[in-house]
Amino acid sequence: MIRTPQRGAWRRRVLGILLVTAVLGGLAGSPQPSAVAVGAAHYPIAGVGSSWSANALQQWIRNVWDNYKWKVTYDDSGSSAGRQQFGQQNGGKDFAVSEIPYALKDSDIVDPRPARQFAYMPIVAGGTALMYNLVIGGKKVTNLRLSGDVLAKIFTGAITRWDDAAIAADNPKLALPAVPIIPVVRSDGSGTTAQFTSWMFKEHPAVWQAYCAKLGKSNCGITSNYPMLTGSPFIARSGSNSVAAYVAQTHAQGSITYVEYSYALNARFPVAKILNSAGFYNEPTASNVAVALMGATINEDTASPDYLTQQLEGVYRNADARSYPLSSYSYMIVPTALEYGFTEDKGLTLADFTNYFLCEGQQQAEVLGYSPLPINLVQAGLNQVKKIPGGDPTGKDIAQCNNPTFSPDGSNKLAATAPQPQACDKIGLDQCATGTGGSKDTATAVSTAGGATAAAGTNAVTGSAATGANATDTAAAADASGAAAGGVDAIGGESTLAATVVAGIPVQLAANPAVTLSGIATVLASTLALVMILAPPFISRSRRLVGVRGPRRGPRGGRKRSSVPKIHLPLWRRPRSPDSPVTDGS
Amino acid sequence: MSDRTTPPDADRPANRDETRIIPVVSGSRDLLATEILELILTDSVLDQADAPDSGVAPRRLTTRASTQDRVFEWISRGAGTLVLTIMSLVGLFLLIQGNQALSVAGFDFFTTEAWDPNSGNFGIAAVLAGTILIALTAIVLAVPLAVATALYISEYAPRAIRQVLTSIVDLMAAVPSVVYGLWGMFLLEPNILGVSQWISTYFGWIPAFAVTGFDPNDPLASPTVFTASTFIAGIVVALMVAPIATSIMREAFTQAPIGEREAALALGATKWGMIRSVVLPFGRGGMIGGTMLGLGRALGETIAVYLIISPVFAVQPHILEKGSNSISALIALRYNEASPFEISALMAAGLALFVMTLFVNFGASIIIAKSRSGASSD
Amino acid sequence: MPPMPTTVLDVVSPTRVPVNPELPGPEQRRSTGGLRRHDVFALLGSVLAAVGLASWLQNQLFAFQGVLAFIIVAHALFMLFYAVLIGLTESAPVVVDKLVTTLVHSLGFVMLLALAAVVTFTFGRGWEALAHVNFFTQDMSNAGPLDPLTAGGVLHGMAGTLIMISIALAISVPLGITTAVFLSEFPGRYAAVVRTVVEAMTALPSIVAGLFIYATIILGLGIERSGFAASCAVTVMMLPIIIRSADVVLRLVPGNLKEAAFALGSSRWRTVWTVTLPTARSGLTTAVVLGTARGIGETSPVLLTAGLTTFLNLNPFSGPMVSLPLATFAFVKSPEPSMIARGFGSAAVLMLVVLVLFWLARVIGGRGPGQLTPRQNRRITENSRALNYRYLAKDVSIQRASRALSAEGKSRRSAVQRTKGKPS
C-alpha cells in the first residue's frame, strides 16, 4: 500500500513509469543500482531503533521539521527492535538505528539479515562513560582513574572493594576506603551493554571468559543482556536513567555504572578516566571520542554484506594520547531499494535528513552529550546516502559539509585542535585533582599518599574532609614531594591508608550501637512499672463488675459464629406491653 | 394469603406439593432469584395447585420465552462467546508462540532457575517464584489497607467527603504504572531502606526477613543490599492494587441493607459490632472479588516492577534482600533485544503465568460461589 | 411507607404526642452520640504517651532508626495505651470498637498519604513544565532535547489518550457489561467457563496484550501501527477488569427486587433493563471507572502498537499516535532535565484528565438506587403535592363528615382507633 499526497499523484505516476523503465533497463544490463528518479516531495518517514542515539535524533528531527518541514518520526524502542522491525513487511520502518549490525559475529544471539536491501551508515559517536559515586571522608571523589584491566575486573566481580591494590595503583593520590564496590548494570537488553561487553570481549577476553565460565554459560560473546552472578553485589536497573539515578543516590556509595556521558553530566556526577594505549587516563569528552574514532577501521569491502561496519580494535588501542578507549558509534540502517513500502518521496526525505545530520547536525553533538563524527566516517556515510533511491544527489559532498571536525577543504581540523591531556593524567605517581564529568567544578583534594607515613596519611584524610578549596593547592604542591619521594610501593601505601580509614570507624560505631542488656532491662523495668500502676484498677473493676452484674462472659455462644447475623428477634419474643398502643390521649 | 380463591384442602395432593415448594422459596437463601424462578416454572405441579376446579384439566404453564427475551439471551450469550473467543485467542497466541521453547525445554522449563534461552538453559522456576512472592507481598499489604479504606469511606467518613474520597481512590487507580515505578525508585527506595534494615535486624530470625551478606554491626556494610528488593516492589504494587480492591469493596459495603444495619444498631451493637455482623458478611463476595482482582493486577504488573527490581535468576526467598524477578517484568526487560527463540521462551513464561492465574481464580470462584452476597438480603 | 396515607391521616386525625401525666416533668433529652470529655483526654493522652515513649526508645535505647519505623512503633504504642485508657471505664466491646475505629482511620490515612505522596511527587517534578501554557497547547514537533520548556508540549499525548480511551471504551463497555449480565443472568457450565477464563485474564501482563495485538492485527492483518491498534490492545486489558468488577456488583443486586419484577410478570429482559442494571448503576460506573483506570495508564501495549511520535495526530487509523503515559515513559528516559520535567508534567496532565473523566462518570452514573438529583427530587415533591391537593379536594366531604361526627363525641372515635391499633 503506497499512499501518496494528492497533489503529486499524477507526477508520481510518471515517476513510477520512469522507475519501471529504469528497473527494466537495469535488468537488461546496467549494473548501476543507484536510483534514477528523484523524489518529488518530502514524504514523512518513520524510523525505529536505538535509545542510545535517541537524544541526538530527537533534536535533529525537531530541527529539520522546524526549518524545512520534513517530517521524521522516531521510536526509540531499542536496537534489536529497530533491526527486527526494519526487516518486517507489514508495519516496516523506513530506517532503523542500531549499535550493532545484523548477524554480528561473536554475538550470543542469532540475528539474521533481513531480505530487504540495506546499507549501514554511521550516525553519531559517543563514549561509554563510567559514572561512579565514591566518598572519602565525607567528600565526593571526582578524579578517579581506572585502567582497562581493573575496569573489566570490577565488572566481572574479580575486584570487590575500593581499597583493592589494583585500584590504588591507578590512583596514587587517593586514600580509597574499604567499602564494597557495587557495580550497577542494565537489566534490560541494551545497546550500551552490547558496546561495553564488546569492549571486554575484544580487549580483556581472559577476564570476560572467566566470568562467563563462572556463570555456567556456554556461549560468551557480545551480549545485550548483562549476565549477573547470583549472590553477587551487582545491582541491575532498567534504562540509562535508572542506572544513573541509582548511582546518584546518597546511599549508593561505592557504586559504579556504565552509561552514556550525557546522563553523568546531567546527574552532576563524575566519570572515571580510562587508561588508553598511550598511557594517559582520559574522560569521554567529545574530542577525545572523536580522536579515538579516527582509529576506527571500517570494513571497506563494498561487496561484503558488512560493508562499513565498525572494527573497533583500532579505537580501543588508539595510540593517540587524547583518545578515549571505550568509544564507538551507532549506525543508521537505510534501505537501498524501493521495496517494503519505501518510495522515492520517502527516499528524498531520508537522503536529505541523513545529509543534514552528517554535516550540520554534528555541530550539536557535543551539547547533546555525544561526539561529532570524524572525517573518515562522514565521508563513508555520504557515500551511502547516494544509494538511497529518490535522494537528490546534487551538492552533497564533503566540501559542502559543515561538520565541526574538519574544514571545507577536507583537512582534519579535529586532529589539529583537539586538546592534549594534562601531564598529571599520565600513568605514574601523579594524579590530577580536577573533577570530571558532571562535577567538573569540584576538585578532589588528593593526598600525599605516595611517600607518607601513617601519621601523614591520617592528616591527609582529615584534611580532605575538613578543608575546602585550598586543599587542592596544598595537595598539588605536595604532589611534587610525593613524586620525588617515590620508591614506596603502592601496596604499602595502600595498607597504611586502609588502616587510616579503619581508624575512623569507631566514631560511627559509637553513634550506632545495638540494643544492649541495660536497654532490655530498662524496657522490662518500665513495663513492670506500667503493670503495677494499671493492674489494681483493673482488678478492682472486674471484681466490682462481678459483684454487681454477675459474670460478664455470659452465653456468647462460644467460638462458633453463625453465618447469618443474629440481629433479628423473632416476632414472638418481642416485648409486648399490657397496654394498648398509645392513642391521641386525653 | 387471605385472598386465595381455593381454600387449602388436605386431601388433595396439590396441597402437599405446594407445601413442598414454599420452603424452597423462603428457606434456601443461597439461591438466586432466577434459579428459584426456574425451579418454580419448571415444576409442573404448580399448575395443578392453581387449578381452580378439580373437574377441569390442569392448566399448563409454559416457560417459552418471549421474542424479546430470546433476543436478549442470544445477545448476552454472543457477548460472552465473543469475550471468551478473544481471551482464548490470547491464550492460544501464547501457546503457539511459546510452543517452540516449550518443546525444546520440556518439563525442565518449570524446574530450571536460569534464563539463557540462546544457549538452551532456561526455565521459569526462579521467575515464577519471584512473581508469586511480589504478588503475595503486595496482597498482604494491600488487602488490610483496602478493607480499612473501603470501610472508612462507606462507614466512618463524614457524608460530605465520601464522594471526594471515592474520586481520590479512583484517581489513584488511574495513576500510570510508570509513575508508580519512578516514585518507588526515586522517593520510596531511599526512605524505606531504614525500615528494611530494622526489620532484618530484629526479625531476621524469620526466614523470609533474613538478609544474607549484611552484618548490622559492620558500619561499612552497604545498605544497597536492601535496594531493588521484593519488598520494595511489593509496596509499590500494593499501592497500585489497593485502589482497585478498595473500589470494589466499597461498592459492596455501601450496598449492605440499611434495615439490617439499623436493626443491629438498635439492638445495641457498637459500630464495629454492626460492621462485623452486617457489613462484612454482606460484602464478603466483594472482598474476595476485589482481592482476586488485585491479585491479578499484582501478578501481571509490568512497568513498575520493571523499574524497581534487580532481576536474579535464582529463587530468592528473602524478600528484604536485593534481587527479585517477575514474569511480566522479564518479558518487558528482554523483549526488545531478544532473538526469536528467546521471544518464544518469554511467551511460554507468559503462558505459565496465565495458567497459574487460571487455577488461582478457579479456586477463588469456588469460594466466591459459596458466599453470594446480596442475593439473600431483604 | 408512601407519603399519601399519612397526608390523609393528617387531615382526618392529626397525630398527638402522648403525654404521660405520671412523669414529673418534660423528659430529659439523652445524647446518643457526640464526644465526651473523657474520649478526647484518652485520645490525646495516649498520643502523647506513645510519641514520648517511642522517641525515648529511639533516642535513648536506639531500638530502631528512621522516621517510618518511628511512626510504626508510635502507632503500636498508641493503640496499646488507648486500649488501656478506654478499658478503664468501658466494656470490652467498646474498647474493641474504639480500637477498630482508630485502625480504620489510620489505615485510611496511610492510603491517602500514599496517594498524596505520589501526586505531590508527580506535580513537584513536573511543575517546571506545567507552569508554561505552551505545554498544553503544542506538540513536541518544535521542541528537541535542547529546547527550553517554553517550547513544546503534550497536546499530542492528550489528544492520543482521549482518542484511544474513547475507542477502547466504545468497544469494551457494551461488550463487558453485556458479558457480565450474561454471567449473572444465565448461570451454568458455559458461564462458569467464561468467568474463569476472563478472571484469569486480569493477570495478563500488559506487554503480552500488546504483543498479541501486534502479532494479530499489525503483522497478521497488515494494519499499520496506529491509535486504533493501540485501542484494541487497551481493550484487551480493560475487558477482564470491567467484566470482573461488573460481575461482582451485579451479584449485589437484591434478589427480592428481581423476584418482585418477575412476580409482576416482567420478562427477563425487562427485569434486567429496568431493575438489575439501574440498581447496580453506581457499581457499574465503578466497574467502568476501574477499567478506564487500567487502560488509560498503560504504557507498553501502546508502545508496541501505536509507536512513538512527536507530532499531533488526530486520525486513529493512520500513523503513530502517542498517549500520555507513553509520553511520560519516553520523556523520562532522556538525560536532559527539561525532558524529565516534561515527562512528569505529562503524568500530571494525565491525572488531571483522569480526574475530569471520572468526575463526569460519577455525575452521569454514580448515583445509587433511590438517590435522586435535586431536580428529580423537586419533581417528585411537586407531584406529591399535586396529588395531595387532589386528595384534599376529594376528601373535603369526608372532612366535613368527620367534623360532623366529632360533634357526636370522642369516645366513639377512640374506640375505633383502639380496635385498629391491636395487632391482627
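Residues numbered from 1 in each chain as written. Chains lettered and ligands numbered in written order. Predicted model: local features only at pLDDT ≥ 70, side-chain atom pairs only at ≥ 80, totals over all residues. Heavy atoms only, no water.

As annotated in an unreviewed UniProt entry, chain B is Phosphate transport system permease protein from Cryobacterium melibiosiphilum. UniProt annotates chain B under Sequence similarities (unreviewed entry) with the comment "Belongs to the binding-protein-dependent transport system permease family. CysTW subfamily." Check the Subcellular location (unreviewed entry) section of the UniProt entry for chain B; it says "Cell membrane". (UniProt positions renumbered as here; feature names shortened; annotations may be inferred.)

Enquirer: Break down the sheet that holds strand β7 (residues 145–146) of chain A for me, citing the residues and quoting the values.
Expert: Residues and elements named next belong to chain A. Taken in spatial order, the three strands make up an open sheet running β7-β11-β12, and their pairing is mixed. Two strands close off the open sheet at either side, each with one partner strand: β7 and β12 (281–282). Taken together, the two bridges between β7 and strand β11 (residues 273–275) define a ladder with parallel strand orientation. The residue of β11 that forms the bridge with R145 is K273. (Pairing = 2+ DSSP bridges. Helix = DSSP H or I, 4+ residues; strand = E, 2+ residues; numbered from the N terminus.)

Enquirer: Residues and numbers for the packing of aromatic side chains, please.
Expert: Applying the stated criterion across every chain, the model contains 40 aromatic pairs over all chains. Taking 4.8 Å as the distance between ring centres and 75° as the angle between the ring planes, the aromatic pair formed by W65(A) and F311(C) counts as edge-to-face. With W65(A) in helix α2 (residues 54–68) and F311(C) in the loop between α13 (300–306) and α14 (324–332), this pair bridges two chains. Judged by relative accessible area, F311(C) falls into the buried class, the value being 5%. Ring centres of Y329(A) and Y331(A) lie 5.5 Å apart, and the angle between their planes is 75°; this geometry places the pair in the edge-to-face category. Using a relative accessible area of 0% as the deciding quantity, one classes Y329(A) as buried. On the basis of relative accessibility, which here comes to 0%, the residue Y331(A) falls in the buried class. One aromatic cluster in this structure is built from F155(A), F196(A), W199(A), W208(A), Y211(A), Y226(A), F234(A) and Y258(A). Across the ring face of F311(C), the terminal group of K71(A) is positioned such that the distance to the ring centre comes to 4.8 Å. The cationic tip of K271(B) hangs over the ring face of Y156(B); the distance from NZ or CZ to the ring centre is 5.1 Å. (Phe/Tyr/Trp six-rings, centres within 6.5 Å; stacked < 30°, edge-to-face > 60°. Buried < 20%, exposed > 50% of the residue type's maximum accessible area, 1.4 Å probe, protein only. Lys NZ or Arg CZ within 6 Å of the ring centre and 35° of its normal.)

Enquirer: An account of the pattern of salt bridges is needed here, citing residue identities and associated values.
Expert: Residue and element names in this part refer to chain C. Throughout the structure, instances matching the rule amount to 21 salt bridges over all chains. When the shortest N-O distance is used, the salt bridge between R195 and D247 registers 2.9 Å. With a gap of 52 residues between them, R195 in helix α7 (residues 189–201) and D247 in helix α9 (residues 227–250) connect regions that are remote in the sequence. Assessed through its relative accessible area of 15%, R195 is described here as buried. (Salt bridge = Lys/Arg side-chain N within 4 Å of Asp/Glu carboxyl O.)

Enquirer: Which residues make up the layout of surface pockets, and what values go with them?
Expert: By volume, the largest pocket amounts to about 1800 Å³. If you go around the largest pocket, you meet 44 residues; those closest to its centre are L68(C), I71(C), I72(C), L107(C) and V110(C). Of all the secondary-structure elements, those providing two or more residues to the lining of the largest pocket are α5 (125–156), α7 (177–202) and α8 (230–254) of chain B together with α2 (37–61), α3 (67–89) and α4 (92–130) of chain C. Looking at the lining of the largest pocket element by element, the count peaks at twelve residues for α4(C). Grouping the constituent residues of the lining of the largest pocket by class yields 35 nonpolar, eight polar and one charged. (1 Å grid on protein atoms, 1.4 Å probe; cavity = no way out; pocket = protein on both sides within 12 Å on 5 of 7 lines; lining within 4 Å. Points joined across faces, edges and corners; volume = space filled by probe spheres on them. Nonpolar A, V, L, I, M, F, W, Y, C, P; charged D, E, K, R; others polar.)

Enquirer: An account of the interface of chain A and chain B is needed here, citing residue identities and associated values.
Expert: Listed as interface residues are 48 residues of chain A and, on the opposing side, 40 residues of chain B. Between chain A and chain B, a total of about 3700 Å² is buried, with carbon and sulfur atoms accounting for 54% of that surface. R237(A) serves as the salt-bridge partner of E189(B), at 2.4 Å between the closest nitrogen and oxygen. In terms of residues, the side of chain A that touches chain B owes the most to one element, helix α3 (residues 79–86) of chain A, which gives four residues. Looking at the side of chain A that touches chain B residue by residue, the classes come out as 22 nonpolar, 21 polar and five charged. (Contact = heavy atoms within 4.5 Å. Buried area = accessible area lost by both parts, 1.4 Å probe.)

Enquirer: So what's going on with helix α8 (residues 206–220) of chain C? Which residues, and what values?
Expert: Residue and element names in this part refer to chain C. Here α8 contains 15 residues, and its C-alpha end-to-end distance of 20 Å stays within 8% of the 21 Å for a straight helix at 1.5 Å per residue. Remark: the principal bend of α8, roughly 30°, maps to Y214. Burial analysis of α8 places eleven of its 15 residues in the buried class, the great majority of the element. Regarding α8, the residues found buried are S206, I207, V208, A209, G210, L211, F212, I213, Y214, I217 and I218. After α8 finishes, the residue G222 shows a positive phi value of roughly 80°. (Expected span 1.5 Å × (residues − 1). Bend = angle between axes of the 7 residues up to and from the residue.)

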